[in-house]
Amino acid sequence: MKCIFEIPPSMHVCIITVSKACRVTSLIPFYVCTVLTVHFNGVKLIVETTESSIFAAQGGNVTLPCRYHYQPELQSPRRTRVKWSWVPALGGRELDVLAAIGHRHRTFGAFQGRVRLLQDPPGEASLVMGELRTSDAGRYRCEVIDGLEDESAVVDLELRGVVFPYQPSRGRYRMNFSSAQKACEEQGAMLATFDQLFSAWEEGLDWCNAGWLADGTVQYPITASRTPCGGQDLAPGVRSYGARHRRLHLYDAFCFSPSLHGEVYFLQHPQKLNFTEAVQACEEDGSEIARVGQLYVAWRFLGLDHCDAGWLADGSLRYPVSTPRPNCGLQRPGVRSLGFPTQHQKYGVYCFRAP
C-alpha cells in the first residue's frame, strides 16, 4: 500500500510505502510531511488454522494445520514466505521453528530434522512434526508474508498424558522445586502445569498431599472434601498454597507423563525377583524396567490391568487396576502403590519395550 504525504508548494513531497499503518519515524532532513490519504490495493490476505488444540503422543507425528487465501481470489499465485514460530507451554520467548520461500526452507534449533512444510495444494502451509518430545508442547504461530503484507494464526499443541502425584523413597515433603523437577524427569515425565492438574481434578484426581507445579506454585486436587484436606466445609477444587520459595520449601510433586509409543507389561518370570534381578530380567527380555510415568500412561490410555505388584525403575512397588475387583485394592481404577520396600525383597517387575 502507499501513503501519500502532502505539504505546502514551497516544500517537497515524499511518498513512503509501509505495511498495515502509515507511520513516519524519520524523514530526509528539512522535509516536512503530513498524512493526507492512504491507498489500499483492495486484496486481503487471510490465514486460518483450527481453534481447537491439537493432541499428540510423545514419540509420534503430528500435523499443525495452516492455510491461507486472498479475498478476492487472485488470478495467479503470488510468491509468499511462510514462517512458523513457537512459545513453549511453560512460557518464554517466541522461537523460530521453520521459514520457507517456495520450496526452499530452513529449520531452527531443536526442530532441525524433525519438521517440514506441506505446500500442496496452493495455500497449504501446514507444519508436519516428527519424533515429538515432551518439550514440544506450546503455542505455534503460522505467519504468511506477501511482500509488505503479513497475517498469522496460532494453534496449541498439547501432548496427551496423565498427571500423577509423586514422592521419593525418602518420604513425604522432601523435595524443593529443582529436586521435584528432577524426580519427574527421572520417571519419564515433567512437572505438571496448573491446567493439566485442573483437568486431572475434573477427571477425578483426589490427593491430599501438596505438590509442586511447573510455575513454582504448590497445590493439590480434592474431589471429596474432608477434615485433613482443607476442611469438610470447603468446596471440592484445586487447593493452592500459592508460590513457594523454590529452594527452601519442601513438598511432593505433581508430574505429567505424555502418552508414549511402546509397551508396558508385567514380565512373566518363573520366580520372584529382587530389584537388581528385576532390572536384569527386563534387559534379558529385550526391554528396560518401566518408569512410574510409563506405568501410569499404560494404565490410563492402554487399559493395562494387572493385580500383581511389580518393581519399577525408582525402586517402588506398584500395580495398575483398570477394572476394580476384590483383592486388587480400592474399589476404583488407579495405580496402586506399595511404597519402597527394601531392594532384596522378591516381587514381580514391569518392563517397557520401545517399538
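Quick summary incoming for the structure in this document. (Residues numbered from 1 in each chain as written. Predicted model: local features only at pLDDT ≥ 70, side-chain atom pairs only at ≥ 80, totals over all residues. Heavy atoms only, no water.)

Topic: unusual backbone geometry
With omega at -5°, the peptide bond leading from Gln71 into Pro72 counts as cis. Turning to its location among the elements, Pro72 is positioned in the loop between strand S7 (67–71) and strand S8 (81–88). The linkage connecting Asp120 with the following residue, Pro121, adopts the cis geometry, with an omega of 0°. As for its placement among the helices and strands, Pro121 is situated in the loop between strand S11 (115–117) and strand S12 (127–129). (Helix = DSSP H or I, 4+ residues; strand = E, 2+ residues; numbered from the N terminus.)

Regarding the state of the cysteines
Per the stated rule, a full pass over the model turns up five disulfides. What pairs with Cys208 in a disulfide is Cys229, and their sulfur atoms sit 1.8 Å apart. Of note, the bridge from Cys208 to Cys229 carries an S-S torsion of about -125° and is left-handed in sense. Placement of the pair is Cys208 in the loop between helix H2 (194–202) and strand S17 (211–212) and Cys229 in the loop between strand S18 (217–222) and strand S19 (237–243), with a sequence separation of 21 residues. Across a sulfur-sulfur distance of 1.8 Å, Cys307 and Cys328 are joined as a disulfide pair. Here Cys307 is found in the loop between helix H4 (292–302) and strand S23 (310–311), whereas its partner Cys328 is found in the loop between strand S24 (317–321) and strand S25 (334–337), with 21 residues between them in sequence. By relative accessible area, which is 25% here, Cys307 ends up partly exposed. (Disulfide = S-S within 2.5 Å. Buried < 20%, exposed > 50% of the residue type's maximum accessible area, 1.4 Å probe, protein only.)

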